[in-house]
There are 2 protein chains.
Amino acid sequence: MEAKRATVRDMRRRNRAVLLSRLYHDGPSSRQELTGVTGLSAASVSNLVGEMLEQGLVEEAGAVDSDGGRPRTLLRVRPGYAYVVGVDVGETRVRVELFDLAMTGLAKADHPIESARPAPETVVRHILAGLDAVTAAAGIAPDALLGVGVGVPGVVEQGASAVVHAQTLGWEGVPLEAMLRAGTGASLYFDNGAKTLGRAEMWFGAGRGARHVVVALVGSGVGAAVLTDGVSYRGVSSSASEWGHTTIVYGGRRCRCGAEGCLEAYVGAEAVLDRWRVARRGRVPGPDEESGIAALVAGAERSESAARVLEETAGYLGAGIANLINLFNPERIVLGGWAGLALGDVLLPRIREVAAAHALRHPYGQASIELCRLGPDAVSVGAATLPVAKLLADGGSR
Amino acid sequence: MEAKRATVRDMRRRNRAVLLSRLYHDGPSSRQELTGVTGLSAASVSNLVGEMLEQGLVEEAGAVDSDGGRPRTLLRVRPGYAYVVGVDVGETRVRVELFDLAMTGLAKADHPIESARPAPETVVRHILAGLDAVTAAAGIAPDALLGVGVGVPGVVEQGASAVVHAQTLGWEGVPLEAMLRAGTGASLYFDNGAKTLGRAEMWFGAGRGARHVVVALVGSGVGAAVLTDGVSYRGVSSSASEWGHTTIVYGGRRCRCGAEGCLEAYVGAEAVLDRWRVARRGRVPGPDEESGIAALVAGAERSESAARVLEETAGYLGAGIANLINLFNPERIVLGGWAGLALGDVLLPRIREVAAAHALRHPYGQASIELCRLGPDAVSVGAATLPVAKLLADGGSR
DNA sequence: GCACTTTCGTCACCCGCTGAAATAAGGGAT
DNA sequence: ATCCCTTATTTCAGCGGGTGACGAAAGTGC
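Residues numbered from 1 in each chain as written. Chains lettered and ligands numbered in written order. Predicted model: local features only at pLDDT ≥ 70, side-chain atom pairs only at ≥ 80, totals over all residues. Heavy atoms only, no water.

(A) Representation of the overall build of chain A. In terms of regular secondary structure, chain A is built from 13 helices and 16 strands. Referenced to the eigenvectors of the C-alpha coordinate spread, the extents of chain A come out at roughly 75 × 50 × 45 Å. Residue burial in chain A is summarised as follows: out of 398 residues, 57% are buried. For chain A, long-range pairs separated by at least 24 residues make up 60% of all intrachain contacts whose partners lie at least 6 apart in sequence. (Helix = DSSP H or I, 4+ residues; strand = E, 2+ residues; numbered from the N terminus. Buried < 20%, exposed > 50% of the residue type's maximum accessible area, 1.4 Å probe, protein only. Contact = heavy atoms within 4.5 Å.)

Written as structure tokens, this is what we have:
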């Protein structure tokens, strides 16, 4: 609807973006290949690539000899052209990680969070300290830092300046961008941690090559990221895909959000353990949720209560996934999160069955259901892809 | 991700599209205004508009005098530049309607469908006959017909040639596009009827001016259309937003799709009446579903069973709408469909309450819930907007 | 009728893509 | 070792298209 006008300049930016994205995502190619793939003329490819070579954005990467002609020189994005930082604000620690453009980790700094409801100022201080630490450790000059992506557990309201609402941290309208801006000159990007993890899976994990993916994350909480053509679906205020708080059992268990029958109140780690506690009429083993879930999965063969709770969990999860399939008609559902991986490991076949029973035949037939490949640590990787995505979309202009 | 290269030609097409869309959706403007709104230079606007005037795509529409300077001449899209046809394949009749570009209805032809499971050939014959009838009635030459949009009750698989899966008609993989193509040379467009109705609401009804809208339709069946920036969300095979078959009561009532606990099995007209039948332990008044729902709504004050069924319906519907809000974070939810309008008319305040209780506070605060403005006949209008949208997106090139 | 204001059209200029031709960089045959 | 052939890349003139500057058009007010 509100498309913007185009100028001759936009055209060049766009074409640079096309070339650069192709080089970035699909590895080294020759100019020759690029002409075929992008539809640009050989002359333009040469021209654009020459410019990017000169700027140090792209570098040569050997050559492949062809049968009898001039060998093609391969090109790739130069990993050292710029560096990015990904920040994962978790519930127990703040992780700050530095990457080059190829997403090779160069330095990492973890700051534990003591309080269950940390003050925003504390988190900001941790992030800034981590930023200094990793850039110093890797010897990165400030102007070589392309940007900093931050993944937070909660809703990020994208606007002139990002504002965060994170129930689990007790944050309500925290102007995180403004607070960080006061302490650093770097470009800042913010998104929900589940979505950044989804981005990481999309670029480097189970979502590679697919156009429509929904990443479903199950941990203590439950969330999802809907990714179409590499961009994540955001509603009007970027708080879309709150899968965990969709109603799946009308009038059912009360959820910590206050509503009844939320999916999270059935398949979130806390809820699963609570259901097990009721089923076995007693305490659940293990000091924390992670060991509890591990015990549950391990106990499936011996304990009838464990088996029943797992079966029910597969049911709710399968129905929840079927809802995603019916509503978003994705090509792939990627199940992750620490609890999602632990449960999915044993329940995936059963989840697929239930989802098949609850989803419409046609969309179900289009969708495959898989597990995440990257593990929960990929939140910072995904956060760091935010500035990279911007770079690619802008054709490499800083 | 897979952005296409741009040429200097694309740029012009794009800029024409920007101007044309603006003129189409936001009414007459002067060249002057257009420069401001689109960001194009006055020179370009003049150039582009001149071209479109010459082609008859745009016409002058009077002038407004300014205080002391040359008056601006207003421009608008010329309604008679081309004509479009919208087809509504309903469960009881096929409607074919002819419009000019301004969506003024010029001729209409209805063909009743006798069988509950009509043969595709019959429907195709009706459509082709209707096409001949309306073009003949309005005296439209074949080459003035921009295209034909068809709305069908079911899933449209968009591909090289559209294929329709419509459970309610008993259609399974009907190659509707290929069948129609054999009988007409016009450009053809296909979409689900709920989505075309959503398009109509978006362009001319309750969705005007909003960027993210979800249109929720309740009739015998239940569906939704998700519209972002004027384009409807399609998944990988365009069968997205099957809202009616999302699970809302895990393990609940059996739905005609075979699964348990679908939203449609609670708030679809058939399901509502069935619940009423159980509640009052007896037959429901009226010869058909529409009068049944009308009786239910009318009986709310006298009959306790009716009041209870309505209250429950508001509950399920509110929770279903809350799910849409949580997942899509729209700016507006538009409730329609014949049953949706009848129920919404009395239940809207209650639906809003329930939705507020089930949705997360933040996304709920962003969304307003309203009723459709156009009524169920707008399916053909929405279908007819498909070729118009194409024309606008292509900047007016046929 | 004249000065002033505002809108609209024209023109030279710059940018960027393209096709054709030229050049580079090999392999294989003589 | 040289020449010819093949294939990849670069160069160059040409064309399409947006822009700013300038001037013409079309009013109002005195």
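(B) A look at the relation of the copies chain A and chain B. At an RMSD of 0.1 Å, chain A and chain B line up after a rotation of 180° and a shift of 0.0 Å along the axis. What the superposition gives is, in effect, a two-fold axis relating one chain to the other. A symmetric contact is evident, with 100% of the interface residues of chain A recurring at the interface of chain B. (Least-squares fit on C-alpha atoms with pLDDT ≥ 70 in both.)

(C) Representation of the pattern of salt bridges. Taken as a whole and judged by the stated rule, the model has 46 salt bridges over all chains. Between E51 of chain B and R16 of chain B there is a salt bridge; the shortest N-O distance is 2.5 Å. Here the residue E51 of chain B occupies a position in helix α3 (residues 42-54), and R16 of chain B occupies one in helix α1 (residues 8-26), the gap between them amounting to 35 residues. Notably, a salt bridge pairs R93 of chain B with D110 of chain B, separated by 3.9 Å at the nearest N-O pair. Of the two residues, R93 of chain B is situated in strand β5 (residues 93-100) and D110 of chain B in strand β6 (residues 105-112); the sequence distance between them amounts to 17 residues. With a relative accessible area of 18%, R93 of chain B lands in the buried category. Sharing partners across several salt bridges, the network here consists of D88, R93, R95, D110 and D377 of chain A. (Salt bridge = Lys/Arg side-chain N within 4 Å of Asp/Glu carboxyl O.)

(D) Summary view of the interface of chain A and chain B. With 64 residues of chain A at the contact, the number on the chain B side is 64 residues. Of the roughly 5800 Å² buried at the junction of chain A and chain B (both faces included), carbon and sulfur atoms supply 57%. Between chain A and chain B we count two salt bridges in total. Counting the contacts that link chain A with chain B gives 22 residue pairs in polar contact (both at pLDDT 80 or more). Listed by contribution, the elements that provide at least two residues to the side of chain A that touches chain B are α1 (8-26), β8 (155-157), β13 (222-228), α10 (304-328), α11 (338-358) and α12 (361-366) of chain A. (Buried area = accessible area lost by both parts, 1.4 Å probe. Polar contact = N/O pair within 3.5 Å; in protein donor to acceptor, adjacent residues only side chain to side chain.)

(E) Spatial organisation of the protein's contact with DNA strand D. Around DNA strand D lies a shell of 27 residues, among which S46 of chain A together with R12, S41, S44 and G68 of chain B are the nearest. Across the atoms of DNA strand D situated within 4 Å of the protein, the share located in sugar and phosphate is 74%. Take R31 of chain A: an N or O atom from its side chain is 2.9 Å from a phosphate oxygen of DNA strand D. S44 of chain B is positioned such that a nitrogen or oxygen atom in its side chain is 2.9 Å from a phosphate oxygen of DNA strand D. Those elements that provide at least two residues to the surface near DNA strand D are α2 (31-38), α3 (42-54) and β3 (72-77) of chain A together with α1 and α3 of chain B. When its residues are assigned to classes, the surface near DNA strand D shows nine nonpolar, eleven polar and seven charged. (Near = heavy atom within 4 Å. Nonpolar A, V, L, I, M, F, W, Y, C, P; charged D, E, K, R; others polar.)

(F) The arrangement of the domain arrangement of chain A in detail. Segmenting chain A into domains produces domain 1 (8-77), domain 2 (82-198 + 378-393) and domain 3 (208-371). Here the C-alpha centre of domain 3 of chain A lies 42 Å away from the C-alpha centre of domain 1 of chain A. (Domains from an automatic or database assignment.)

(G) Representation of the packing of aromatic side chains. Applying the stated criterion across every chain, the model contains twelve aromatic pairs over all chains. An angle of 75° between the planes, with centres 6.0 Å apart, marks the rings of W203 of chain A and F204 of chain A as edge-to-face. Among the residues examined, W203 of chain A registers a relative accessible area of 6% and is labelled buried. Under the relative-accessibility criterion, F204 of chain A is labelled partly exposed at 32%. Ring centres of F328 of chain A and F328 of chain B lie 4.9 Å apart, and the angle between their planes is 45°; on these two criteria the pair is classed as tilted. Highlighted residues: F328 of chain A in helix α10 and F328 of chain B in helix α10 (residues 304-328), drawn from two different chains. Accessibility expressed as a relative area gives 0% for F328 of chain B, which makes it buried. Taken together, Y233 and F328 of chain A together with Y233 and F328 of chain B form an aromatic cluster joined through their ring pairs. A cation over an aromatic ring shows up here: R253 of chain A above the ring of Y266 of chain A, its NZ or CZ 5.9 Å from the ring centre. Stacked on the ring of W276 of chain A, the Lys or Arg R280 of chain A has its end atom at 4.6 Å from the ring centre. (Phe/Tyr/Trp six-rings, centres within 6.5 Å; stacked < 30°, edge-to-face > 60°. Lys NZ or Arg CZ within 6 Å of the ring centre and 35° of its normal.)

(H) How the structure looks around the pairing of strand β6 (residues 105-112) of chain A. Alignment of strand β5 (residues 93-100) of chain A against β6 of chain A, held across seven bridges, turns out to be antiparallel. The residue bridging F99 of chain A from the neighbouring strand is G105 of chain A, located in β6 of chain A. (Pairing = 2+ DSSP bridges.)

(I) Examining the environment of L263 of chain A more closely. Residues and elements named next belong to chain A. By secondary structure assignment, the location of L263 is in the loop between β14 (231-232) and α7 (264-267). Residue classification places L263 among the buried residues on the basis of a relative accessible area of 1%. The spatial distance from the C-alpha of L263 to the C-alpha of V249 is 7.7 Å, given a sequence separation of 14 residues.

(J) Up close: helix α9 (residues 289-298) of chain B. Residue and element names in this part refer to chain B. Regarding α9, the residues found buried are G292, I293, L296 and V297. Summarising the axial view, the buried residues of α9 lie within an arc of 135°, below the 170-degree limit, and thus occupy one face. Considering only its buried residues, α9 is in contact with α8 (269-280), α10 and α11 (338-358). (Arc of directions from axis to C-beta.)

(K) Focus on the protein's contact with DNA strand C. In the vicinity of DNA strand C lie 24 residues, with R12, S44 and G68 of chain A together with S46 and G68 of chain B positioned nearest. Backbone atoms, meaning sugar and phosphate, make up 76% of the atoms of DNA strand C lying within 4 Å of the protein. Between DNA strand C and R5 of chain B, the relevant distance is 3.0 Å, taken from a phosphate oxygen to a side-chain nitrogen or oxygen of the residue. Between R31 of chain B and DNA strand C, the recorded distance is 2.9 Å, taken from a side-chain N or O atom to a phosphate oxygen. Per-element accounting of the surface near DNA strand C gives the leading share, five residues, to α1 of chain A. Of the residues assigned to the surface near DNA strand C, the class counts are seven nonpolar, ten polar and seven charged.

(L) Structural context of unusual backbone geometry. All names here are of chain A. In this structure, N329 is a non-glycine residue whose phi angle is positive, near 45°. Within the element layout of this structure, N329 appears in the loop between α10 and β15 (332-336). By relative accessible area, N329 is classed as buried at 0%.

(M) Representation of α2 of chain A within the structure. Residue and element names in this part refer to chain A. L34, T35 and T38 are the residues of α2 that are buried. Projected down its long axis, α2 shows its buried positions confined to an angular sector of 105°, all on one face. Across from the buried face of α2, at angles greater than 90 degrees, the exposed residues are Q32 and G36. Of the surrounding secondary structure, the elements contacted by the buried residues of α2 are α1, β1 (29-30), α3 and β3. Looking one or two places after α2, you find G39, whose phi comes out positive at around 85°.

(N) Summary view of the sheet that holds β14 of chain A. Residues and elements named next belong to chain A. Read across the open sheet, the five strands follow the order β14-β13-β12-β15-β16; overall the sheet is mixed. This sheet does not close on itself; its edge strands, each paired only once, are β14 and β16 (368-371). Note that strand β12 (residues 212-218) and β13 share seven bridges and pair antiparallel. The residue of β13 that forms the bridge with V213 is L227. Along the sheet face, α11 touches β12, β15 and β16 and points at about 160° away from the line of β16. (Axes fitted to C-alpha atoms, helices over the stretch in contact; angles between N-to-C directions.)

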